Amino acid sequence: MNNEWLLRLLKAFSMYSVNNASYISEANTELELGFDNLYKDESFHENDFEIIEPIFESYFAKLHSNIQEDNPSFKDIKLIRAKLLLKMQTLGIEKLINRNHELTAEYYA
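What comes next concerns the included structure. These figures come from a predicted structure and were not determined experimentally. (Residues numbered from 1 in each chain as written. Predicted model: local features only at pLDDT ≥ 70, side-chain atom pairs only at ≥ 80, totals over all residues. Heavy atoms only, no water.)

Quick look at a nonpolar patch on the surface now. Together, Leu6, Leu7 and Leu10 give the surface a local cluster of nonpolar side chains, amounting to about 260 Å² of exposed area. Within the element layout of this structure, Leu7 appears in helix H1 (residues 4-17). With a relative accessible area of 45%, Leu7 lands in the partly exposed category. (Patch = residues over 30% accessible without salt bridge, like charges linked within 9 Å, V, L, I, M, F, W, Y side chains within 5 Å. Areas by Shrake-Rupley, 256 points an atom, 1.4 Å probe, with all protein chains shown as cover. Salt bridge = Lys/Arg side-chain N within 4 Å of Asp/Glu carboxyl O. Helix = DSSP H or I, 4+ residues; strand = E, 2+ residues; numbered from the N terminus. Buried < 20%, exposed > 50% of the residue type's maximum accessible area, 1.4 Å probe, protein only.)

Spelled out as structure tokens, the structure:
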């Protein structure tokens, strides 16, 4: 499925919003897989992380506003958000490094 990332993010969102502690582990997994798959979906974002950023920010803002304050998943979500931001930055740096290698190879060819 081309937009599996979207379905995973929707599933995680709904599992968190139910505010049931038994869903937290699966919701955490779906959240990470959803964004990992979004990062890999180059046909969607064409390596333009400015397309991903509003999705990322909006998702976490909506998630925060739909989860009860006493939900134990808040700590997990914050940790996953930080991990995903780091992953997104790493991918961007890797793309820049690869592009630099390509340009260097073209220059010396």
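Still to come is the rest of the account.
Taking 1.5 Å per residue, 14 residues should reach 20 Å; H1 reaches 20 Å between its end C-alpha atoms and fits that length. Contact partners of the buried residues in H1: helix H2 (24-40), helix H3 (42-45), helix H4 (49-66) and helix H5 (73-108). One or two steps after H1, the chain reaches Asn19, where phi turns positive at roughly 60°. (Expected span 1.5 Å × (residues − 1). Contact = heavy atoms within 4.5 Å.)

Right, let's get into the packing of aromatic side chains. Tallied over the full model, the rule gives nine aromatic pairs. Centre to centre, the rings of Phe35 and Phe56 are 5.2 Å apart; their planes meet at 65°, and the pair counts as edge-to-face. Placement of the pair is Phe35 in helix H2 and Phe56 in helix H4, with a sequence separation of 21 residues. With respect to burial, Phe35 and Phe56 carry one shared label: buried. Arranged with centres 4.8 Å apart and planes meeting at 55°, the rings of Phe56 and Phe60 form a pair that is tilted. Taken as a pair, Phe56 and Phe60 lie in helix H4 at a separation of four residues, close to a single helical turn. (Phe/Tyr/Trp six-rings, centres within 6.5 Å; stacked < 30°, edge-to-face > 60°.)

Okay, the pattern of salt bridges next. If you walk through the whole model with that rule in mind, you get nine salt bridges. Residues Lys83 and Glu32 are paired through a salt bridge, measuring 2.9 Å at the closest nitrogen-oxygen approach. In this pair, Lys83 sits in helix H5 while Glu32 sits in helix H2, placing the two residues 51 residues apart along the sequence. The class for Lys83 is partly exposed, based on a relative accessible area of 43%. Arg99 serves as the salt-bridge partner of Glu102, at 3.2 Å between the closest nitrogen and oxygen. One end of the pair, Glu102, and the other, Arg99, are both in helix H5, three residues apart, so they sit about a helical turn from each other. Several salt bridges share partner residues, and in doing so they unite Glu4, Arg8, Lys11, Glu26 and Glu30 into one network.

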